[in-house]
Amino acid sequence: MKWETIDYPAAWLRKVAIRLYLRQPVRREDLTDDVPELPGGVCPLRSVELKEEETRVYAALAALPPLQRAVLAWHLDGFATSEIGGALDMTHEAVRQNLSRGRARLKTILLSANDGGER
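Quick look at the structure, then.

Reading the values: rules and limits
- Residues numbered from 1 in each chain as written.
- Predicted model: local features only at pLDDT ≥ 70, side-chain atom pairs only at ≥ 80, totals over all residues.
- Heavy atoms only, no water.
- Core = buried A, V, L, I, M, F, W, Y, C linked by side-chain atoms within 4.5 Å.
- Buried < 20%, exposed > 50% of the residue type's maximum accessible area, 1.4 Å probe, protein only.
- Helix = DSSP H or I, 4+ residues; strand = E, 2+ residues; numbered from the N terminus.
- Contact = heavy atoms within 4.5 Å.
- Axes fitted to C-alpha atoms, helices over the stretch in contact; angles between N-to-C directions.
- Parallel < 35°, antiparallel > 145°, perpendicular 65-115°, else oblique.
- Left-handed = near helix turned anticlockwise from the far one by under 90°.
- Nonpolar A, V, L, I, M, F, W, Y, C, P; charged D, E, K, R; others polar.
- Salt bridge = Lys/Arg side-chain N within 4 Å of Asp/Glu carboxyl O.

## Focus on the nonpolar core
Move 1: Counting 14 residues, the largest nonpolar core has V71, L72, W74, F79, I84, V95 and L106 as its most contacted members.
Move 2: The set of elements that each furnish at least two residues to this core consists of α3 (66-76), α4 (81-88) and α5 (92-114).
Move 3: Counting residues per element, this core draws most heavily on α5, at four residues.
Move 4: Residues in contact with F79, not counting those within four places in the same chain, are A10, A11, W74 and I84.

In structure tokens form, the structure reads like this:
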């Protein structure tokens, strides 16, 4: 593929990334060993650990249906609803509806997690 023939490189890249991601087999590993400490007592993971709030947001995003999650990801990357619709083979109205439903569901999940309930 020649870069000169791609009209919207960011959209092309996102589409390729999604296709590659969806082709991967589902594998989840639970790490059982502790990460060894570096000399001097500083653990390398301390600099990259997710904060509790970020973890809740990622879990809430994972709880969304795949289409709502995809539309939100495209939207957060700065694409217009018409561009998202073209890339995902959806109408403009369907994109807006999935954005609205995704936001509402995220809000519900995150608010219920704040109240101590989990979904």
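## Considering the packing of helix α2 (residues 52-63) against α5
Move 1: Put simply, α2 and α5 touch, their axes get as near as 9 Å, and they point 135° apart. As summarised for this structure, α2 and α5 are arranged oblique, according to the angle between their axes. Note on packing geometry: the crossing formed by α2 with α5 is right-handed. In contact with R56, V57, A60, L61 and A63 of α2, α5 contributes R105, L106, I109, L110, A113 and N114.
Move 2: Classifying every residue of the contact of α2 with α5 gives eight nonpolar, one polar and two charged.

## Some thoughts on the pattern of salt bridges
Move 1: By the definition in use, this model includes one salt bridge.
Move 2: In this structure, the salt-bridge partner of D77 is R14, at a minimum N-O distance of 2.0 Å. With D77 in the loop between α3 and α4 and R14 in helix α1 (residues 9-23), this pair connects stretches of sequence that are 63 residues apart.
Move 3: The class of D77 is partly exposed, set by a relative accessible area of 46%.

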